[in-house]
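Coordinates in review
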Amino acid sequence: MSVDNLQELLRKFANERDWNQFHTPRNLILAIQAELGELSELVQWIPDSEITEQWIQDNNERLQEEIADVFLYLIRLSDVLDIDLIDAALKKIDLNASKYPVGLAKGNATKYTH
């Protein structure tokens, strides 16, 4: 399924429920933030060393649900704002490639402005 297909599916879902009145850019951005909070909560206070393959497997269903929530709200937001999500992502990858050339950024987590 393509992003366009998902956008159409979400658009139909919202239309059938008369939710467009609630799907303002602001509300969708806040919904994304809330869902990111729920995703973050899954790993909050857990040391990196404890997030093992077994932990991921044990928490896979919740991880999938929260990641899907973020993804779907992001797709819905891009639809409401009439932004081609794939095009925007490709442009951002190109921009990041110019900000973080391999010769300067490889193995280095320092922001390009520093």
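Summarised in this report is the structure supplied together with it. (Residues numbered from 1 in each chain as written. Predicted model: local features only at pLDDT ≥ 70, side-chain atom pairs only at ≥ 80, totals over all residues. Heavy atoms only, no water.)

Secondary structure assignment for the chain yields six helices and zero strands. By its C-alpha atoms, the chain is 50 × 40 × 25 Å across when sized along the principal axes. Residues classed as buried in the chain amount to 18% of the 114 residues present. Counted over contacts in the chain with a minimum sequence separation of 6, partners at least 24 positions apart contribute 69%. Working note: accessible area of the chain is about 8700 Å², and carbon and sulfur atoms make up 57% of it. In the chain, 11 side chains carry a positive charge and 20 a negative one; their mean positions are 9 Å apart. (Helix = DSSP H or I, 4+ residues; strand = E, 2+ residues; numbered from the N terminus. Buried < 20%, exposed > 50% of the residue type's maximum accessible area, 1.4 Å probe, protein only. Contact = heavy atoms within 4.5 Å. Areas by Shrake-Rupley, 256 points an atom, 1.4 Å probe, with all protein chains shown as cover. Lys, Arg positive; Asp, Glu negative; His and termini not counted. Charge placed at Lys NZ, Arg CZ, Asp CG, Glu CD.)

No statement about biological role is implied by the geometric values presented.
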